[in-house]
Number of protein chains: 2
Amino acid sequence: MDAHQQLLADVFDRACPSRDALEHVTGRWGILAMMALTEGTFRFNALRRRVDGISEKMLSQTLQALERDGFVHREAQPVIPPKVEYSLTPLGEQTAEKLFALVRFVEERLPEIMSARRAYDEVKG
Amino acid sequence: MDAHQQLLADVFDRACPSRDALEHVTGRWGILAMMALTEGTFRFNALRRRVDGISEKMLSQTLQALERDGFVHREAQPVIPPKVEYSLTPLGEQTAEKLFALVRFVEERLPEIMSARRAYDEVKG
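Definitions and limits used
Residues numbered from 1 in each chain as written. Chains lettered and ligands numbered in written order. Predicted model: local features only at pLDDT ≥ 70, side-chain atom pairs only at ≥ 80, totals over all residues. Heavy atoms only, no water. Contact = heavy atoms within 4.5 Å. Buried area = accessible area lost by both parts, 1.4 Å probe. Salt bridge = Lys/Arg side-chain N within 4 Å of Asp/Glu carboxyl O. Polar contact = N/O pair within 3.5 Å; in protein donor to acceptor, adjacent residues only side chain to side chain. Helix = DSSP H or I, 4+ residues; strand = E, 2+ residues; numbered from the N terminus. Nonpolar A, V, L, I, M, F, W, Y, C, P; charged D, E, K, R; others polar. Buried < 20%, exposed > 50% of the residue type's maximum accessible area, 1.4 Å probe, protein only. Pairing = 2+ DSSP bridges. 1 Å grid on protein atoms, 1.4 Å probe; cavity = no way out; pocket = protein on both sides within 12 Å on 5 of 7 lines; lining within 4 Å. Points joined across faces, edges and corners; volume = space filled by probe spheres on them. Least-squares fit on C-alpha atoms with pLDDT ≥ 70 in both.

Undergrad: Any details on the interface of chain A and chain B? Residues and values, ideally.
TA: With 57 residues of chain A at the contact, the number on the chain B side is 57 residues. At the boundary of chain A with chain B, total buried surface from both sides reaches about 5,500 Å², with 66% on carbon and sulfur atoms. Joining chain A to chain B, the criterion identifies ten salt bridges. The salt bridge partner of E23 of chain B is R28 of chain A, with a shortest N-O separation of 3.2 Å. At the junction of chain A with chain B, the criterion picks out 14 residue pairs in polar contact (both at pLDDT 80 or more). For the side of chain A that touches chain B, the leading source of residues is helix α6 (residues 90-108) of chain A, giving 13 residues. For the side of chain A that touches chain B, the residue count by class is 27 nonpolar, nine polar and 21 charged.

Structure, rendered in structure tokens:
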């Protein structure tokens, strides 16, 4: 089994813990939270405004999963009122770079994607 | 607005059609179907066996979305019984490369992720 096959074996393995780490960063809200945090450190409410459309509960769950995986650092300062800030860890920053490469590629090729959709809809629609 | 800001603006825009193209390739089954197709051309049932755990309906929907976006090519041969084969288009191959870079990175850093989870669970658990 070469490195390529071994990687595929892991990806396809539902029991492999990398599967849910991957899902945390590629999920709809995970991607947006990671992208937002590449812009800097955010307090919860500011991040919620940045990730337009996310509910308080979903943002909280998303950040918790990303913090647990070590992608996001949560800094709670012992002041009144409480001040909690979120930022990417070095691991999170490197992961965000890979995500960005994918996002940027899809953005760049959007005209081709739109053209494929039109062709598909003409034949099947 | 520089290119970086413009990219972010698009990613965060729920109305941008790149958003759902991105979701098609990063969705749970989209990733697995794309990864499987990097191995070559598959007939429907063979692909279903390769992407372990996917239902017939989900695979059908996943392939349809990927075909419509131009990531996957569907080749129906006019023979009896019908023979339908799926493969990556050049656009799909390039997208799969970016996906692979992300997947490979998360795989490689799994020990760090697992260690972060243990530390998190010790404090919060």
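From this point on, the discussion continues.
Undergrad: Please set out the pattern of salt bridges residue by residue, giving values where relevant.
TA: In this structure the tally under the stated criterion is 17 salt bridges over all chains. A salt bridge links R68 of chain A to D121 of chain B, with the shortest nitrogen-to-oxygen separation between them at 2.8 Å. Remark: D121 of chain B occurs in helix α7 (residues 110-124) and R68 of chain A occurs in helix α5 (residues 56-68); the pair is interchain, linking two chains. Owing to a relative accessible area of 28%, R68 of chain A belongs among the partly exposed residues under this scheme. By relative accessible area, D121 of chain B is classed as partly exposed at 34%.

Undergrad: Tell me about the pairing of strand β3 (residues 83-88) of chain B, and please be specific about residues and values.
TA: Residues and elements named next belong to chain B. Both strand β1 (residues 42-43) and β3 contribute to a ladder of two bridges, which runs antiparallel. Paired with F42 across the bridge in β3 is Y86. Direction of pairing for strand β2 (residues 72-77) relative to β3: antiparallel, over a ladder of six bridges. Along β3, the bridge assignment pairs H73 with S87. In textbook terms, the turn of a hairpin is the stretch between consecutive antiparallel strands, and for β2 and β3 this stretch comprises five residues.

Undergrad: So what about empty space enclosed by the protein? Which residues, and what values?
TA: Rolled over the atoms, a probe sized like a water molecule indicates the empty space that remains. For the structure shown, the criterion picks out four cavities of 30 Å³ or more. By volume, the largest cavity is sized at about 60 Å³. As for the largest cavity, its lining consists of ten residues, of which R19, L22 and E23 of chain A together with R28 and I31 of chain B are closest to the centre. Going through the elements one at a time, α2 (17-26) of chain A together with α3 (28-37) of chain B are the ones with two or more residues in the lining of the largest cavity. If one sorts the elements of the lining of the largest cavity by residue count, α2 of chain A sits on top with four residues. For the lining of the largest cavity, a count of residues per class yields four nonpolar, three polar and three charged.

Undergrad: Describe the relation of the copies chain A and chain B, with residues and values.
TA: Between the two chain copies there is a screw-like relation: a rotation about an axis and a shift along it. Here chain A sits on chain B after a turn of 180° about the axis and a move of 0.0 Å along it, with an RMSD of 0.0 Å. The symmetry that links the two subunits is that of a two-fold axis. Among all residues of chain A, the one whose C-alpha sits closest to the rotation axis is T26 of chain A, at a distance of 2.9 Å. When the interface residues of chain A are mapped onto chain B, 100% of them again lie at the interface, so the same face is used by both copies.

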